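# Structure assessment
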Amino acid sequence: RIHANWGEQAKMSLELQALKAALDPGNPQLLGSGSSPASAQWYSITRMRASGELWIEGQRIKVKGEAWLDRLWRSASFELIETSLESADPGGFLSSGQIAINRFSLQLENGWELLLFQMHRRDGTGVPVPSGMLVYEDGSSRRLSRDELTLTETGYWTSPEGVRYPAAWKIAVPGEGLTLAVKAAVADQENRGSVRYWSGAVDVTGQANDRAVAGQGHAALVGYGGRAE
């Protein structure tokens, strides 16, 4: 059960039930690192049944749907993942201190989930390097290397503070017959705290094995805006 309260504006109470076993995205199988310290820091349950209630400005709304749980238990987790991803780059695409990571967590209506990472340079140079993991309907999974998938930016959004973020993408995994168009569900989902980043809902449409498929998900885009003033 999850409870959250945002003062007078909103609160929620949800019951969550795992529909698949936990996945270890920090595993060397995904990151390509021989010894990943991140594997002891983080796991995901990529599909959960969710039901409960939301209260928005005093209005009670019953809700149900599906959720994705990421469990992190050390604040250094993303730094450890960053280190592992950097060690997985034998071609020297990135150098220390330059790395940033975009992350996509996508649930498809055919029962698949797609977890993608995209390493990129903070200064915008070079070609971003993707990697990921595909989870099948039965809960089995496999790593997707950079040679097996493409992630191409197809649209952008500029925040009121002048930070330009990707806002639409095309994802292709030819070996799985998967072609997806991913788009921000709402353009302005920028976090304007001490560090600027974009984190929010995305909509998914496309094809899987010559059949139309839709879905939903979350994207986190870091390394674009730096620190807020």
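A brief look at the structure comes next. (Residues numbered from 1 in each chain as written. Predicted model: local features only at pLDDT ≥ 70, side-chain atom pairs only at ≥ 80, totals over all residues. Heavy atoms only, no water.)

## A word on the packing of aromatic side chains
In this description, a pair of aromatic rings is defined by centroid distance and the angle of the planes. Spelled out, the test is: Between the rings of Phe, Tyr and Trp (Trp by its six-membered ring), a pair exists once the centres lie within 6.5 Å; its type follows the angle of the planes, with under 30 degrees stacked, over 60 edge-to-face, and the other angles tilted. What counts as a helix is a DSSP run of H or I of at least four residues, what counts as a strand is a run of E of at least two, and both are numbered from the N terminus. Buried residues are those whose accessible area, probed at 1.4 Å on protein chains only, stays under 20% of the maximum for their type, while exposed residues exceed 50% and partly exposed ones sit between those limits.
According to the stated counting rule, one finds 4 aromatic pairs in the structure shown. With a centroid separation of 5.0 Å and an interplanar angle of 80°, the aromatic rings of Phe-104 and Trp-169 are classed as edge-to-face. One end of the pair, Phe-104, is in strand S5 (residues 99-108); the other, Trp-169, is in strand S10 (residues 164-173), and 65 residues separate them in sequence. On the basis of relative accessible area, Phe-104 is assigned to the buried category, the value being 0%. Look at Tyr-165 and Tyr-224: their rings are 5.7 Å apart centre to centre, the planes differ by 55°, and that puts the pair in the tilted class. One end of the pair, Tyr-165, is in strand S10; the other, Tyr-224, is in the segment after strand S14 (211-221), with 59 residues separating them in the sequence.

## Some points on the pairing of strand S2 (residues 10-18)
Along any regular strand the residues' side chains alternate between the sheet's two faces. Under the convention used in this document: The criterion for strand pairing is that DSSP finds at least two bridges linking the strands in question.
Looking at chain direction, strand S1 (residues 2-5) and S2 are connected through 4 bridges and run antiparallel. Counterpart to Asn-5 in the pairing with S2 is Lys-11. If you look at the hairpin formed by S1 and S2, you'll find 4 residues sitting between the two strands, and Gly-7 has a positive phi there, around 70°. Here S2 pairs with strand S3 (residues 42-56) via 9 bridges, running antiparallel. Paired with Glu-15 across the bridge in S3 is Ser-51.

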